[in-house]
Amino acid sequence: MENFEFHRPTSYYFGVGRENEIGSIVKDLDKHKVLLVYGGNSCIKSGLLERVQKSLSSAGVAVVSKGGVVPNPRADLVYELIDLGRKEQVDFVVAVGGGSAIDTAKAAALGIVNDGDFFDFFLKKRQPKDCLEIGVVLTIPAAGSEGSSSAVIQKEIDGHFYKCGLSSNFFVPTFAVMNPELTKTLPAYQTACGTVDMMAHVMERYFTNTPEVSITDRLCEAVLTSIIETVPRVLRDPDNYEVRANVMWAGTLAHNDTCGVGREQDWATHALEHQLSALYDIAHGAGLAVMFPAWMEYTMPHNPMRFAQFATRVFGLSMDFEDPKRTAKAGIAALRSFFKSIGMPLNFADIGAKEEDIPQMLKLLGVDSERTIGHFVPLNRDACEAIYKIAAQYSY
Ligand code: NZQ
Ligand code: ZN
């Protein structure tokens, strides 16, 4: 196991009705004016936004609200929020929604207290030195941003969409309110996209070169097997609070790094996928369902035993000791068939992506013969191209 530092100070308020406590939670933090960030209509329709605003006002916390965050969130709205937050002199930022609203809130919290272009931080031109604190009311188990140190924002520069992630301890939310009831209004497709994203967050950590990591291996396997068991139940029985509660907590454990500390992590598939969601404006989870098995097919020969372990422990397949590669391949096939069973796409055609756009994806990815992505197998331009082609040409 590698040395690590692990700092996750988020307080989780989990369960029915907990969003009504947000006023006292913020008040206890000695904050006085909140910038409340949300997405489209879902939290207005469900009455959640109003409940959150009411709880804050009743506790004597002033609120400035702004919605309009879209999936694959854009920098334009972040600039508007930064102006608003500065003008109103807010001292705290709260997101109501999923990864897109949370990441927009994180970026705004950073921009409000730093001069210059906030996107320079995302382009790694400078390092954050300060940030407002962030709170979250989560409405979709998926991105894990409620417990993660990351944010992902998209900006159009010279006609190209750059979808960039930034990781910083400033981005770990101070609190996250998680009421599984709130996820009952999710369309099945969004539930499935969220499922793939959670599984991808675990798998980016699982496929590692670090030896002797049995504790985090087993945690990863537990999160994955629980997701595989519970999500089909959510899809069959959307009003089942108990299964939704398990899925919601799985999404947090998948990405708050409990499963990832002490081990080299990969993250190439996320980088490969971000080009798809940026280019075609598809859901991140849908792009991952197409890319992850393709990445696995390409990298499996590097360590077939790790893939065989995944196949046997996560999907319960039997081990072929004569030919571990057969077991490894069966595990990849099982993952694809799970994704298909929950209504996810499996190739470029399913998401409207085009093979002829691959050169553009590679350019935005910033890879060449020297510059690589990922760690399990460092991938140069040719390797990334080969993986995109597997994803494009996969047929079923
Ligand atoms: O905008 P509204 O009306 O709320 O609708 C949203 C949106 O259309 C809807 N939705 C959310 N909660 C709902 C609901 N609809 C009905 N009932 C509810 N309770 O779901 C749609 C998707 O929302 P979004 O926030 O985009 O989803 P998600 O949580 O999957 O976030 C995706 C974004 O997070 C980034 C992704 O790249 C993508 O931009 N990621 C962020 C990470 C992080 N910060 O750590 C890590 C991830 O790997 C990921 O890259
Ligand atoms: Zn993700």
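What you see is a predicted model, and the numbers here were worked out from it, not measured in a lab.

K.L.:
Any chance you could explain the coordination of the zinc ion (ligand 2) here in plain terms?
P.N.:
Put simply, a metal with four donors set out as a tetrahedron has ideal angles of 109.5 degrees, and one with six donors set out as an octahedron has ideal angles of 90 or 180 degrees. With distances of 2.0 to 2.2 Å, the protein atoms coordinating the zinc ion (ligand 2) are Asp197 (OD), His201 (NE2), His270 (NE2) and His284 (NE2). Sequence spacing among the residues donating to the zinc ion (ligand 2) works out to D-x3-H-x68-H-x13-H. Note that histidine 201 is positioned in helix α7 (residues 188-206) and histidine 284 in helix α11 (residues 284-299), a separation of 83 residues in sequence. You can call histidine 201 buried: its relative accessible area is 2%. For histidine 284, a relative accessible area of 16% translates into the label buried.

K.L.:
What should I look at first to understand the UniProt feature "domain: Fe-containing alcohol dehydrogenase-like C-terminal" (unreviewed entry) in the protein chain in this one?
P.N.:
On the UniProt side, "domain: Fe-containing alcohol dehydrogenase-like C-terminal" (unreviewed entry) is annotated at positions that read residues 191-390 here. Split by type, residues 191-390 is 68% helix and 0% strand. Its first and last C-alpha atoms lie 26 Å apart.

K.L.:
What am I meant to see in the pattern of salt bridges here?
P.N.:
Where charged atoms of side chains with opposite charge meet at close range, the side chains can pair. Taken as a whole and assessed by the stated rule, the structure comprises 19 salt bridges. Where aspartate 368 meets arginine 371, a salt bridge forms, and the shortest distance between an N and an O atom there is 3.2 Å. When its relative accessible area of 25% is taken as the criterion, aspartate 368 is described as partly exposed. Since its relative accessible area comes to 51%, arginine 371 is described here as exposed.

K.L.:
Hey, could you run me through the packing of helix α10 (residues 268-280) against helix α15 (residues 358-365) in this one?
P.N.:
The description of two packed helices rests on the angle between their axes and on the distance between the axes. Packing of α10 against α15 leaves a shortest axis separation of 10 Å and a crossing angle of 120°. Classified by the angle between their axes, α10 and α15 sit oblique to one another. Between α10 and α15 lies a crossing whose hand is right-handed. Residue-level contacts link Ala271, Leu272, Gln275, Leu276, Leu279 and Tyr280 of α10 to Gln360, Met361, Leu364 and Leu365 of α15. Partitioning the contact of α10 with α15 into residue classes produces eight nonpolar, two polar and no charged.

K.L.:
Even after reading the chapter, I still don't get helix α9 (residues 241-255), so can you show me in this structure?
P.N.:
Because an α-helix packs 3.6 residues into every turn, residues spaced three or four apart end up facing the same way. A rise of 1.5 Å per residue sets the reference length of α9, with its 15 residues, at 21 Å; its end C-alpha atoms lie 22 Å apart and thus fit the reference within 8%. Counting buried residues along α9, 11 of its 15 residues qualify, which places the element largely inside the surrounding structure. Taken residue by residue, α9 has Tyr241, Val243, Arg244, Ala245, Val247, Met248, Ala250, Gly251, Thr252, Ala254 and His255 as its buried positions. Residues of α9 that are buried make contact with β1 (11-14), β5 (134-138), β6 (150-157), β8 (175-178), α7 and α8 (214-236). N-cap assignment for α9: the residue whose side-chain oxygen lies 3.0 Å from the backbone N of glutamate 242 is asparagine 240. Within two residues after α9, aspartate 257 carries a phi angle of roughly 80°, on the positive side.

What counts, and where the lines are drawn
Residues numbered from 1 in each chain as written. Chains lettered and ligands numbered in written order. Predicted model: local features only at pLDDT ≥ 70, side-chain atom pairs only at ≥ 80, totals over all residues. Heavy atoms only, no water. Donors = N, O, S within 2.8 Å, 3.2 Å for Na, K, Ca; no water. Helix = DSSP H or I, 4+ residues; strand = E, 2+ residues; numbered from the N terminus. Buried < 20%, exposed > 50% of the residue type's maximum accessible area, 1.4 Å probe, protein only. UniProt positions renumbered as here; feature names shortened; annotations may be inferred. Salt bridge = Lys/Arg side-chain N within 4 Å of Asp/Glu carboxyl O. Axes fitted to C-alpha atoms, helices over the stretch in contact; angles between N-to-C directions. Parallel < 35°, antiparallel > 145°, perpendicular 65-115°, else oblique. Left-handed = near helix turned anticlockwise from the far one by under 90°. Contact = heavy atoms within 4.5 Å. Nonpolar A, V, L, I, M, F, W, Y, C, P; charged D, E, K, R; others polar. Expected span 1.5 Å × (residues − 1). Polar contact = N/O pair within 3.5 Å; in protein donor to acceptor, adjacent residues only side chain to side chain.

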